[in-house]
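# Coordinate analysis (summary)
The lines below spell out each chain.
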Amino acid sequence: MQKSINYFTYLIYILPAAIVSGPFLSDAIVSISAIFFLFYCIKNKDFTGLDNIFFKIFFVFWIYIVISSIFSIETFSSLKTTIPYIRFALFTCFIMFLIKNNKNFVNNFSIFLIIFFTIVLLDSYVQYFFGSNILGIKSPHQSRLSSFFGEEMIVGSFLSRLFSLVLFSILILSKNYNKNIQYLSAIFLILTDVIIFLTGERTSFGILLIINVGFILLINKMKILRI
């Protein structure tokens, strides 16, 4: 069973890369991991991983939307969407389980996340300056960027929504390894702000500004950036 846990741990490490590949692979990792964790709890008769306020609230919400789907006009179509929704709660509990039982999980995931984020970030700059990314993919709109996402204009959304995790990952690594790593935050702040502005995605840029302001004001180590 421990080998299986290790296998799924590595799947979660590559989840950011799976998101870039498209919704199928990333959703498959979430779904399979959720099913595995439920199977693990049942087999070991240990449900402590599900005994938390988050799962209880989510479970009540899930029951509510399932019941609402039963009484909807398109019952089958609605249930097909709402019933599997519980996988997100199980997946989150699995992550909490790994954090608690694997002392290297947070550090390793932080490293993988920063690497994948950096690749997409730099690839976006390559596409901006040279017209195509490192794989030769061109954006369908000359004034916007798509990076590895091809025809989908969501690279800004991808970067803005993962940016807060990247910043906190940098702080975690600086605390556990070398405090000088924290200065990478300033570099990422600048590079990410610029590239998301260049993507032309206004919503993503707005989200990024909120993250920037909150991060700079709340994190003590970012005092130098407040100037």
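Rules used throughout
Residues numbered from 1 in each chain as written. Predicted model: local features only at pLDDT ≥ 70, side-chain atom pairs only at ≥ 80, totals over all residues. Heavy atoms only, no water. Helix = DSSP H or I, 4+ residues; strand = E, 2+ residues; numbered from the N terminus. Buried < 20%, exposed > 50% of the residue type's maximum accessible area, 1.4 Å probe, protein only. Contact = heavy atoms within 4.5 Å. Areas by Shrake-Rupley, 256 points an atom, 1.4 Å probe, with all protein chains shown as cover. Lys, Arg positive; Asp, Glu negative; His and termini not counted. Charge placed at Lys NZ, Arg CZ, Asp CG, Glu CD. Core = buried A, V, L, I, M, F, W, Y, C linked by side-chain atoms within 4.5 Å. Axes fitted to C-alpha atoms, helices over the stretch in contact; angles between N-to-C directions. Parallel < 35°, antiparallel > 145°, perpendicular 65-115°, else oblique. Salt bridge = Lys/Arg side-chain N within 4 Å of Asp/Glu carboxyl O. Expected span 1.5 Å × (residues − 1).

### Section: the overall build of the protein chain
In terms of regular secondary structure, the protein chain is built from ten helices and zero strands. Mapped from its N terminus to its C terminus, the protein chain presents α and β elements in the order α-α-α-α-α-α-α-α-α-α. The principal-axis extents of the C-alpha atoms in the protein chain amount to approximately 50 × 45 × 35 Å. Within the protein chain, the fraction of its 227 residues that count as buried is 43%. Partitioning the contacts of the protein chain with sequence separation of at least 6, the portion at a separation of at least 24 is 62%. Just so you have it, the protein chain exposes about 13,500 Å², and 68% of that area is on carbon and sulfur atoms. When the 17 basic and 9 acidic side-chain charges of the protein chain are each reduced to a single mean position, those positions are 13 Å apart.

### Side note on the nonpolar core
One broad rule of soluble globular proteins: the nonpolar side chains tend to lie buried together. If you look at the biggest cluster of nonpolar residues, it comprises 59 residues, and the most contacted ones within it are Ile12, Phe37, Phe94, Phe117, Leu159, Phe163 and Phe188. When residues of this core are assigned to their parent elements, the largest contribution, ten residues, is made by helix α8 (residues 155–176). In this structure, phenylalanine 163 is in contact with Phe117, Phe188, Leu189, Thr192, Leu208, Ile211 and Asn212, ignoring residues within four places of it in sequence.

### Considerations on the packing of helix α1 (residues 2–13) against helix α6 (residues 87–101)
In helix packing, the relevant descriptors are the interaxial angle and the interaxial distance, both defined with respect to the helix axes. Contact geometry for α1 and α6: axes closest at 12 Å, N-to-C directions at 110 degrees. Judged on the interaxial angle alone, α6 and α1 are roughly perpendicular. Of the residues in α6, those touching α1 at Ile5, Phe8, Thr9 and Ile12 are Phe91, Phe94, Ile95, Phe97 and Leu98.

### Description of the pattern of salt bridges
Here the structure, examined in full by the defined rule, presents two salt bridges. Between arginine 87 and aspartate 27 there is a salt bridge; the shortest N-O distance is 2.9 Å. Remark: aspartate 27 occurs in helix α3 (residues 23–44) and arginine 87 occurs in helix α6; sequence separation between them is 60 residues. The exposure class assigned to arginine 87 is buried, which follows from its relative accessible area of 17%. In this structure, lysine 56 engages aspartate 51 in a salt bridge whose closest nitrogen and oxygen atoms are separated by 3.2 Å.

### Quick notes on α6
If you check α6, its first and last C-alpha atoms are 21 Å apart, about what 15 residues at 1.5 Å a residue would give, namely 21 Å. The set of residues buried in α6 consists of Arg87, Ala89, Leu90, Phe91, Cys93, Phe94, Ile95, Phe97 and Leu98. On its buried face, α6 is in contact with α1, α2 (15–21), α3, α4 (53–70) and α7 (105–130).

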